[in-house]
Each structure stands twice: as C-alpha cells, then as structure tokens.
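Structural overview for review
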Amino acid sequence: MKLAGTMNINNRQHLEIGGCDTVDLARKYGTPLYVMDEELLRENCRRYSNALKNSYSLGKIIYAGKAFLVRAMASLVNEEGLGMDVVSGGELYTALKAGFPSENLYFHGNNKSTSELTEALQSGVGRIVVDSLPELQELAQLTKEYNRKTSLFLRIKPGIEAHTHDYIQTGQDDSKFGFGFSDAMEAVRLALASAPYLELKGFHCHIGSQIFQLEPFRLAAGVMLKFMSDVRAKTGFVAAELDIGGGLGIRYEKDDNPPSIESFVENIASAVREAAERENFPLPELLLEPGRSITGEAGITLYRVGIIKDIPGVRRYVAVDGGMMDNIRPALYQASYEALLANKASQEPVEKVTIAGKACESGDILIENALIPQAEKDDLLAVFSTGAYCYSMASNYNRNPRPAVVFVKNGESRIVVRREKYEDLIALDE
Ligand code: LLP
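Heads up: these notes are all about the structure in this document. Everything numeric here is computed off the predicted structure, so don't read it as measured data. (Residues numbered from 1 in each chain as written. Predicted model: local features only at pLDDT ≥ 70, side-chain atom pairs only at ≥ 80, totals over all residues. Heavy atoms only, no water.)

Quick look at the overall build of the protein
Each helix and strand counted, the protein has twelve helices and 22 strands in total. The C-alpha radius of gyration computed for the protein amounts to 23 Å, which stays within 12% of the reference 22 Å derived for 430 residues, consistent with globular compactness. With the C-alpha coordinates aligned to their principal axes, the bounding extent of the protein is approximately 70 × 50 × 40 Å. Looking at the protein as a whole, 56% of its 430 residues are labelled buried. Considering only contacts in the protein between residues 6 or more positions apart, those separated by 24 or more positions represent 70%. Taken as a whole, the protein presents about 18400 Å² of accessible surface, with 47% of it coming from carbon and sulfur. Positive and negative side-chain charges of the protein, numbering 47 and 58 respectively, have mean locations separated by a distance of 2 Å. (Helix = DSSP H or I, 4+ residues; strand = E, 2+ residues; numbered from the N terminus. Rg over C-alpha atoms; globule rule 2.2 N^0.38 Å. Buried < 20%, exposed > 50% of the residue type's maximum accessible area, 1.4 Å probe, protein only. Contact = heavy atoms within 4.5 Å. Areas by Shrake-Rupley, 256 points an atom, 1.4 Å probe, with all protein chains shown as cover. Lys, Arg positive; Asp, Glu negative; His and termini not counted. Charge placed at Lys NZ, Arg CZ, Asp CG, Glu CD.)

Brief notes about the packing of aromatic side chains
Throughout the structure, instances matching the rule amount to ten aromatic pairs. Aromatic side chains Tyr-106 and Phe-153 sit 6.1 Å apart centroid to centroid with 40° between the ring planes, which places their arrangement in the tilted category. Placement of the pair is Tyr-106 in strand E7 (residues 105-107) and Phe-153 in strand E9 (residues 150-155), with a sequence separation of 47 residues. Taken individually, Tyr-106 and Phe-153 each receive the classification buried, so the pair is uniform in this respect. With 5.2 Å between their ring centres and 80° between their planes, Tyr-252 and Tyr-337 make a pair best called edge-to-face. With Tyr-252 in the loop between strand E13 (241-243) and helix H9 (261-279) and Tyr-337 in the loop between helix H11 (329-333) and strand E17 (339-341), this residue pair connects regions lying 85 residues apart in the sequence. Each member of the pair, Tyr-252 as well as Tyr-337, carries the same accessibility label: buried. Feature note: the residues Tyr-34, Phe-68, Tyr-391 and Phe-407 constitute an aromatic cluster, connected by ring pairs. (Phe/Tyr/Trp six-rings, centres within 6.5 Å; stacked < 30°, edge-to-face > 60°.)

Section: the sheet that holds strand E3 (residues 20-21)
As summarised here, the arrangement of the three strands in space is E1-E2-E3, forming an open sheet in which the pairing is antiparallel. Each edge of the open sheet is held by one strand with a lone partner, namely strand E1 (8-9) and E3. When strand E2 (residues 15-17) meets E3, the two strands line up antiparallel, connected through two bridges. Residue pairing for E3: Ile-17 is matched across the bridge by Cys-20. (Pairing = 2+ DSSP bridges.)

As for the site of the ligand
What surrounds the ligand is a group of 18 residues, the closest being Ser-209, Glu-289, Arg-329, Tyr-333 and Tyr-389. Asp-85 is positioned with one of its side-chain polar atoms (N or O) 3.5 Å from a nitrogen atom of the ligand. Residues belonging to the shell around the ligand are distributed by class as follows: five nonpolar, seven polar and six charged. (Near = heavy atom within 4 Å. Polar contact = N/O pair within 3.5 Å; in protein donor to acceptor, adjacent residues only side chain to side chain. Nonpolar A, V, L, I, M, F, W, Y, C, P; charged D, E, K, R; others polar.)

Comments concerning the packing of helix H2 (residues 38-55) against H9
Where H2 meets H9, the closest approach of the two axes is 9 Å, and the angle between their N-to-C directions is 30°. Of the possible angle classes, the one that applies to H2 and H9 is roughly parallel. The two elements H2 and H9 meet at a crossing, and its hand is right-handed. Here H2 contributes Asn-44, Arg-47, Tyr-48, Ala-51, Leu-52 and Ser-55 to the contact with H9, which in turn contributes Ile-261, Glu-262, Phe-264, Val-265, Glu-266, Ala-269 and Arg-273. In terms of residue class, the contact of H2 with H9 is built from seven nonpolar, two polar and four charged. (Axes fitted to C-alpha atoms, helices over the stretch in contact; angles between N-to-C directions. Parallel < 35°, antiparallel > 145°, perpendicular 65-115°, else oblique. Left-handed = near helix turned anticlockwise from the far one by under 90°.)

Below is the structure:
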C-alpha cells in the first residue's frame with residue numbers, strides 16, 4: 001500500500017497520520033474512529049484551484065459536500081476559497097451554520113421539496129441547479145411569491161455515463177437526473193421568459209463517479225458546448241457558465257492508478273477550449289465539482305480487532321468493532337479497500353483474512369481478502385481511503401452509535417464530530 005498524504009510508519013512501528021500516532025488516537029478517542037488528514041484535504045483543494053488557474057482563464061472549484069460534510073469541513077472548504085455543492089436542506093443548513101457564504105453555494109437535487117427551494121431562495125444561494133421542468137415552474141412561481149431573484153443552471157444529461165474503468169455513450173439517457181436535450185430547450189425558453197426573477201447562467205452535467213479515464217469528461221465537454229451552441233442558435237441565449245460536475249477516481253487499492261488532479265483539470269480545460277473554438281462560442285466560465293478526490297484518500301478508519309474465527313479450509317474471519325454502519329460501500333457497491341494493522345505497521349503481511357463487521361448481516365464484510373500480519377484481539381486495524389462517502393452515508397444500524405471524526409495536523413488532533421452516545425440513539429424517540 002502506498003501511504004497517502006502525511007501518513008507514515010513511525011519509530012514505534014505504528015501508523016502515523018498528520019503527525020499523530022494512530023495507536024494514541026484510538027486510545028484517546030476510542031474506536032471505530034474516522035481520522036482525516038487536514039493537510040491533505042487542504043492540499044487537494046489547492047491543487048484543484050491551482051490547476052484550474054493554470055489551465056483555464058476563468059473558473060471555480062465547487063466541493064461536492066455529499067462526499068463528506070460537517071461544519072469543520074465546510075469551514076475548511078471556505079478557507080481554501082472553494083464553492084460548495086449542497087444537495088439537500090440538511091447540507092444547506094450545515095454549510096450555513098458553518099458560516100459558509102451562501103452566494104458560493106450551489107444547490108442540487110432531482111427532487112427538491114418546496115421547503116428546500118424556499119430555504120435556498122431565502123438564504124440566497126449562488127445557483128440553484130434545476131433538474132426538471134416542474135421544478136423550474138415551481139421556482140418561477142416561488143421567486144415571484146417571495147420577490148426574490150435567483151440565478152440558475154439547468155442540469156443536462158449529456159448521454160455519457162461513466163464508471164471506474166468504463167463509459168458508455170447513449171442517445172437517450174435513462175437517468176433520474178437532469179434534462180434530455182429536447183426538454184432542455186423548452187426549459188431554456190421558460191427560464192428566459194421568467195426573467196428577471198430567474199436568471200439562467202448556464203448548464204451543468206455530471207457523468208459519474210470514481211472514473212479513471214479522461215476521455216468521457218472530454219466527450220462530455222464537447223457535447224455540452226455543442227448543446228450551448230444549439231441553444232444560442234435557437235434562442236439567442238449565450239451561456240456564460242459551464243459546470244462539468246465531479247467524478248475523478250481515487251486510489252482504493254494499490255493497483256488503482258487514477259489520473260492526477262492536474263491532468264483531470266487540464267484535460268477538461270483543453271476539451272472545453274477546443275470545443276468552444278469549434279463552435280465559435282465565447283469561452284464560458286468553467287466549474288468543476290469534485291468530492292471524492294478531495295476527501296477520499298485523506299481519510300482512514302481505525303477499528304479494534306475483536307473475535308477471530310477460523311473456518312478450517314475456508315477462511316479466517318477477523319471481526320472489527322464497526323462495519324457497514326460506518327462504511328456501507330463494500331456492501332452496497334462491492335467496493336474494495338486495503339488495510340493494515342496500525343500497531344504492527346512494519347510487520348510483513350503473512351495471512352489473507354476476511355475483515356468482518358459487527359452488524360447482524362452476513363453481507364457485512366469490509367474487506368474480502370485483506371493481506372495483514374498475524375492478527376490478534378485488540379490489534380488496531382486501519383482501513384485506507386475512507387474519507388469520502390463513508391461518514392456521509394453512515395447509519396445507526398443495530399443501534400450502533402456513529403463514530404467520532406477527528407482532524408489531524410502537525411501532531412495535533414481535534415475532534416470535529418463527537419462520538420454518538422447511547423442517549424443520542426433514543427434522543428428522537430417519543
Ligand atoms: N456533482 C454532482 C452533481 C454529483 O452528483 C456528484 C456525486 C458529484 C458532483 C461529486 O462526485 P465525486 O467527485 O465525488 O465523484 N455514494 C457513491 C458516490 C455517489 C456520487 C454521487 N454524486 C459512492 O460511495 O461511491
């Protein structure tokens with residue numbers, strides 16, 4: 001395993017992150033524990049901003065909060081000068097409570113409720129990313145009712161769908177998100193007719209997540225520019241902004257080899273420039289919405305090893321004190337992870353084991369074939385690349401309290417989410 005960010009193995013032979021010994025962190029805060037490398041979070045934000053600055057004239061990086069959002073993260077994103085994408089009233093609330101400037105918020109969602117739209121309008125978010133005609137109609141009505149103008153994007157299905165190692169181009173995209181091209185033209189007309197309450201700024205698309213190829217992004221950029229040029233021809237509207245969404249993959253396993261942040265940004269920037277030239281279209285402001293590639297590799301989860309069970313000739317189960325409630329991704333997406341024993345970090349791996357969670361569910365397996373040193377009860381297991389879509393998708397299944405989250409940096413650790421207590425579990429029960 002290549003250790004990301006500030007991680008290394010210290011002279012106690014323990015895994016260290018942000019200058020903090022993970023054995024000490026586990027003792028201080030308990031397990032399971034999400035640990036985030038603050039320096040790597042900040043570095044990833046800066047790499048994105050710098051790459052965009054260096055490869056394109058005008059643009060903005062929008063962090064996709066769904067990957068990991070708590071108040072401390074919102075503050076960090078704001079300090080680093082990024083905008084943020086929120087997809088629910090709850091994410092909007094979290095961002096605002098962290099003092100995130102509302103004009104830098106981009107409000108997404110395929111089924112925003114009336115109250116969510118109202119909250120977005122009243123807080124004055126920068127852009128509402130409209131996903132359907134009924135939403136656009138409702139928004140036109142609400143803006144008049146509250147006498148509040150709003151700027152918006154329309155989310156378009158570019159007919160390209162991408163996954164880790166593969167992508168497809170489809171004419172008619174079967175997706176619950178966004179407008180097809182013909183509906184989009186109608187939406188553009190309605191949005192333009194609803195000025196000045198609605199101010200159409202441009203278009204958005206998002207082709208998928210954990211993507212390792214750059215070609216689908218380049219294709220999407222070309223398709224979007226072509227569409228913008230069609231819109232100009234049919235309606236006279238010249239879009240000033242183009243948001244290409246997120247999706248860059250990260251390294252979960254040692255053989256994963258995602259493109260760098262820089263080549264991702266440069267490729268999209270050059271594809272947009274080339275397409276704009278082809279279409280003779282003025283260069284739009286370019287927005288990107290990375291989530292996973294900012295937080296994913298910056299996070300690890302620490303677990304305490306409990307029961308070890310041998311099934312002779314079949315496998316050895318090493319059970320830990322968390323599981324699908326703090327990381328649903330293996331069960332939901334068959335996602336693979338790598339781990340090491342943090343208290344035996346320099347020992348050679350000697351056995352292939354199955355890391356099981358503690359949930360009452362046979363499918364609660366965190367890692368199918370983990371290569372680790374001889375595991376014993378009370379060892380500390382560190383699972384890598386858990387900084388995205390783990391805490392944000394965590395549950396209280398089996399009434400397990402959700403873990404704490406700590407940020408570490410320069411040898412200091414700070415709690416950003418406290419561990420849930422049993423009382424929290426019944427706090428909402430009437
Ligand atoms: N923008 C939009 C509109 C999105 O829907 C998403 C992710 C992003 C940006 C950020 O994409 P990223 O850079 O993180 O790939 N729960 C799944 C991932 C779902 C992604 C949903 N949308 C997982 O754990 O793999």
